[in-house]
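# Fold and geometry: a report
Here is what each chain is made of, one letter per residue.
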Amino acid sequence: MPLLRKASDGASASRARSPAKGAGPASPAARPASSKGGVGGKVGGEAGRKAPTPVPALAQHDTAPAADDYAVPIREVVRPPGQLQLSAAELEEEVGRSLTAGNPSAPASLVRYSYKDRAFRPEPIIDQQLQHFALGGSLMHRDSDEAARERHRRESSALLAHSRRVTAASRRVTAAHGGGEAGSSGQVRPSEAGGTLRAEASVGPAAGEGEGAARLHNQFNCADRGAQTGHRRPRDRGTMTEPPPTTTASGSCSRWEIYEAYVADQDRQRQTEELARQKAQAARREARSAQQTAAVGQQPGRAAGAAGALALPGDEEQDGGVSLAPLSGQAAKLMERMVQQNMYCDRVMDFKYWDDPADAVKPDEGTLMPLWEFTNERAKSRAVTAIAWSPRYFDMFAVGYGSFDFLKPTTGLVAVYSLKNPGHPEFSFSTAAGVMCLDFHPEHPALLAVGCYDGHIAIFDVRMGGGEPLYRSTPRSGKHADPVWQVAWQRTAGHELQLASISTDGRVTLWTVSRNELMHQALMELCSLRGRDDSPSGSTAEPADSSRPATGASSGSGSGRAAGQDVGGEAAAGIAGGCCFDFNRDQETLFVVGAEDGSLYKCSTAYASEYLQAYRPGHQLPVYAVRWNGLHSRTFLSAGADWKVKLWDSLQPKPVLSFDLGAPVGDVAWAPQSSTVFAAATDRGHVHVFDLAHSRAGAACVQKASKARLTKLAFNSRHPVLLVGTERGGVLCLKLSPNLRRCFNPGACPDVGDSRAVARTDSQRASARATEAARLEAVLAAAAKCNAALGEEDMALL
Amino acid sequence: MVDVAAVEETVKRLASHKGVVGIAIVNGDGVPIRTTLDPELATQYAALVSQLVLKARFMVRELAADGADDLQFLRVRSKRHEIMIAPGFDRDHTYTLLVVQEPQAE
């Protein structure tokens, strides 16, 4: 009995408690428990509603007749009218009446057909039970099994509530909340009991126990906590594309089908050829008629219109490059030269015929007439580092492009121009590093030797017109460690080709072209003699040269070595970086070297370790160029960054003549037709032309050729023109005015291979050379006389 | 083997030169294949020039004693223009490059 009441109480209590729990701060784990309690409560509630129904029925029965309250109930005997009047005896008589438990509506005798006996048999037992009233209750007997099970359940749920409290305490819930829970824990219990009641009714005791264990597990695991964290919704995005169209092609081909196709194609070709021929004939006919009409003097427009009405056989786009294939490159090249000739008609005329009339008035001065300027789109940002005329074609020359600036290295370019086509180079080659020097082989004019900034030597065949070099030095085969400043082909007796190169790493190397590679051989190791004797200029500090930092970079190490030498006082040499060299025309083993410390050395290929002569102090800054005179085998010129150009007699230790040009001198060159004329190019853009036969004091012509710095200079061997290269990649062609070429002796210079040149006999040439040499000899003698008159101090100034 | 790209480039450069009025490449039949001139004018030029070239070539070859000479270039200077003709005679193709230039173009 108490079980039932408590169950209904628990239902209401759990209902009241569940919202409070839901609003609690953080008890997600309790929520499903409370909701379950709610469900259990509801079930319990239903059970409670069913249970009280008999109680009010009894109460009604008691209270209904109490209309007249406080009155003593009066007993009245009311007899029905038709009642039997019985006597006392009859009344006393006992009438036995028994109540049997039989069902009056049950059949008395029931027979069923028995298949076994194949006859009707009376049913022995007839069910007499009749149920008049049934009431389902929730009460159970105290000693029954059911009650025992319920008791056991309640104990387990009490244990559960206790464990929950312990968990709550461990979670450090507030005391008030904890207390509330503790207070309500007694009420929680029945709700769970109600819930389990029903579960028990449906599932059975084993399932009920299993559920309890599972709940315990859930409480401790806290797996429900994850429900409150926001979780990503899985999203799927997909697109549908149209499947690529597929077609199935199939066919068969037989031999006769192929044959027929070929025949049809042949027919078609024949037809088109015929058509083309007809068209051409028609065009020719039209042209003829047009000519006739023009000749007759009629209006030619109509005929021309008719000719124009003939459609061109192909669009420009359609037969673009293909139609040009048969057109020879020669024709196009020729045409370009002709177009250039027409464009620069006046300059061509100047080149050939123009002489400055002012020369007649001013006999001591000459001028330079600027002719063409050779520019190249690809060479815009690079400096001209080398110019070399072709030994065979007087109008052809090669220009090397690179950079003198250590901080701005560029890739190299060699462009071979012709004077006949200033607009575009005939050939061009590109190299990985900047080109520093060039030389054409005198006997194989197609071979061009190139020295590069990275120390490589390459040999190009000019005729190949681009592409890879024929030969290239490799790091394994003795490549220079520093920029190669000059290369020069050697005249050799046999067929083998040899060239010499000089670099600031102090080596002069002889390269022999073998079948498939360049063989190297050291000609000389340049050693610095600075410090061996203490000449005043030798000990002066070498100022840093900004214009050619490549030399500056290695000169740092060079001067360091030189300083170490001074301390040691030994003759053992540091490396002297070579900047330039030149081989004598007459004595082929003899060459002069200009070093970056300003010294000049006369060397021979025969002696690898010794200088024949050292000219010191040659210059005070790096020597940029040395040139032997082509017609007088003893003299050479040197030019350096110390603004000086010096003329040397190779037998004298001191310079014969010295000229101060007021700016670093990039290059100097003798005129090939005269022994006394030379030109120098300076950093200020001036070209100085000297004629020693007329004036030993100064230049016959100083002219500004360009705003940019001039780097290189080269005379043409046949025409009175010279080329000047600028730092901005331009090459200028300048023509010498008559005053500058008064001493020119065309017979003196070697012939440039040209069929139209007048063939000169050896004796004629020898006599011309002798006169030229005599002229320079006279100049030297006069200068030597002047120098002898000078004092020691004046000599030092030279 | 003639480098087609180089020829193509040269022809393009020719067309870009100052004073060049136009270029035409004429095949052996006197039909302009490519031209920068007006099509009608080019047809006229081509037809007339190809005849002139044939005549000139004939003359040159007749004059040469051994017949080994050949025409290389033909320049026709008029008051206004200069027509430069570079005939290219191959074994089986005869193409002529024709350039019309105004020499005094400023």
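Residues numbered from 1 in each chain as written. Chains lettered and ligands numbered in written order. Predicted model: local features only at pLDDT ≥ 70, side-chain atom pairs only at ≥ 80, totals over all residues.

## Thoughts on the overall build of chain A
Helix and strand counts for chain A stand at 16 helices and 30 strands. Taking all 798 residues of chain A together, 35% fall into the buried category. Within chain A, counting contacts between residues at least 6 apart in sequence, those at least 24 apart form 55% of the total. (Helix = DSSP H or I, 4+ residues; strand = E, 2+ residues; numbered from the N terminus. Buried ≥ 20, exposed ≤ 12 C-beta atoms within 10 Å, placed from the backbone. Contact = placed C-beta atoms within 7 Å.)

## Describing the overall build of chain B
Tallying secondary structure elements over chain B gives 2 helices and 5 strands in all. For chain B, the sequential pattern of α-helices and β-strands runs α-β-β-α-β-β-β. Within chain B, the proportion of its 106 residues that are buried is 35%. Of the contacts made within chain B by residues no fewer than 6 positions apart, 33% connect residues no fewer than 24 positions apart.

## Overview of the sheet that holds strand β14 (residues 507-513) of chain A
Residues and elements named next belong to chain A. Pairing in this open sheet of 4 strands is antiparallel, and the strands run β12-β13-β14-β15 from one edge to the other. Each end of this open sheet is capped by a strand with a single partner; those strands are β12 (484-490) and β15 (518-525). Taken over all neighbouring pairs, the strand axes of this sheet differ in orientation by 25° on average, direction set aside. Across 6 bridges, the pairing between strand β13 (residues 497-503) and β14 is antiparallel. Along β14, the bridge assignment pairs Gln-498 with Thr-512. (Pairing = 2+ DSSP bridges. Axes fitted to C-alpha atoms, helices over the stretch in contact; angles between N-to-C directions.)

## Some details on the confidence of the model for chain A
Residues and elements named next belong to chain A. Looking at chain A as a whole, the pLDDT averages 74, with 70% of positions reaching at least 70. In this model, residues 173-214 is a region of pLDDT below 50 whose contacts with residues beyond four sequence positions or in other chains number 67 contacts. For residues 753-757, every residue scores under 50 in pLDDT, and the model assigns this stretch 4 contacts once sequence neighbours within four places are set aside. (pLDDT = per-residue confidence, 0-100.)

## Comments concerning the sheet that holds strand β4 (residues 383-389) of chain A
Residue and element names in this part refer to chain A. Taken in spatial order, the 4 strands of this open sheet run β4-β5-β6-β7, and their pairing is antiparallel. Only two strands of the sheet have a single partner each, and these edge strands are β4 and β7 (427-431). Adjacent strand axes in the sheet meet at a mean angle of 20° when their direction is disregarded. Examined bridge by bridge, strand β5 (residues 396-402) and strand β6 (residues 412-418) share 6 bridges and lie antiparallel to one another. In the sheet register, Ala-398 faces β6, and the bridge partner there is Val-416.

## Looking at helix α2 (residues 39-63) of chain B
Taking 1.5 Å of rise per residue, 25 residues should cover 36 Å, and α2 of chain B covers 36 Å from first to last C-alpha, within 8% of that figure. Residues Ala-42, Thr-43, Gln-44, Tyr-45, Ala-46, Ala-47, Val-49, Ser-50 and Val-53 of chain B constitute the buried set of α2 of chain B. (Expected span 1.5 Å × (residues − 1).)

## Re helix α1 (residues 4-16) of chain B
All names here are of chain B. Its 13 residues give α1 an end-to-end C-alpha distance of 19 Å, which sits within 8% of 18 Å, the value for a rise of 1.5 Å per residue. Of the residues making up α1, those classed as buried are Val-7, Thr-10, Val-11 and Leu-14. One side of α1 holds all its buried residues, which, seen down the axis, span an arc of 100°. Opposite its buried face, α1 presents the exposed residues Ala-5, Lys-12 and Ser-16, each directed more than 90 degrees away. (Arc of directions from axis to C-beta.)

## Some points on the pairing of strand β21 (residues 635-640) of chain A
Put simply, side chains in a regular strand alternate between the two faces of the sheet. Residue and element names in this part refer to chain A. Within β21, 6 of the 6 residues are buried, leaving the element largely enclosed by the surrounding structure. Burial along β21 is two-sided: the face carrying Thr-635, Leu-637 and Ala-639 and the face carrying Phe-636, Ser-638 and Gly-640 are both buried. Both strand β20 (residues 623-628) and β21 contribute to a ladder of 5 bridges, which runs antiparallel. Paired with Arg-627 across the strands is Leu-637, a residue of β21. The hairpin formed by β20 and β21 contains 6 residues between the paired strands. Pairing of β21 with strand β22 (residues 644-649) involves 5 bridges; the strand directions are antiparallel. Across the sheet, the residue bridging to Phe-636 is Trp-648, located in β22.

## Description of the environment of Trp-489 of chain A
Looking at where Trp-489 of chain A falls in the secondary structure, it is placed in strand β12. Each residue touching Trp-489 of chain A, except ones within four places of it in the same chain, is listed here: Asp-439, His-441, Pro-442, Ala-449 and Leu-499 of chain A.

## Notes on the pairing of β22 of chain A
Residue and element names in this part refer to chain A. Counted residue by residue, β22 has 5 buried out of 6 residues, so it is predominantly covered. Two elements, β22 and strand β23 (residues 655-660), share 5 bridges in a ladder whose sense is antiparallel. For Trp-648, the partnering residue across the bridge sits in β23 and is Pro-655. Where β22 folds back on β23, the antiparallel hairpin that results is connected by 5 residues.

## Re the nonpolar core
Counting residues in each nonpolar core, the largest one holds 123 residues, and the members touching the most others are Val-414 and Val-593 of chain A. Among the elements that make up this core, the one with the highest residue count is β4 of chain A (6 residues). Each residue touching Val-593 of chain A, except ones within four places of it in the same chain, is listed here: Ile-502, Val-508, Leu-526, Gly-578, Phe-581, Leu-600, Tyr-601 and Cys-603 of chain A. Membership of the second largest hydrophobic core comes to 31 residues, among which are Ala-287 of chain A together with Val-11, Ile-33 and Leu-98 of chain B. (Core = buried A, V, L, I, M, F, W, Y, C linked by C-beta atoms within 7 Å.)

## Regarding unusual backbone geometry
Residues and elements named next belong to chain A. Even without a glycine there, the phi angle at Arg-118 is positive, about 55°. Inspection of the secondary structure puts Arg-118 in the loop between β1 (111-114) and β2 (119-122). Not every positive phi belongs to a glycine, and Trp-643 is a case in point at roughly 70°. Within the fold, Trp-643 resides in the loop between β21 and β22.

## Points about the confidence of the model for chain B
Per-residue pLDDT for chain B averages 82, and the proportion of residues at 70 or more is 90%. Overall fold confidence for the complex sits at a pTM of 0.58, while the interface term, ipTM, reaches 0.82.

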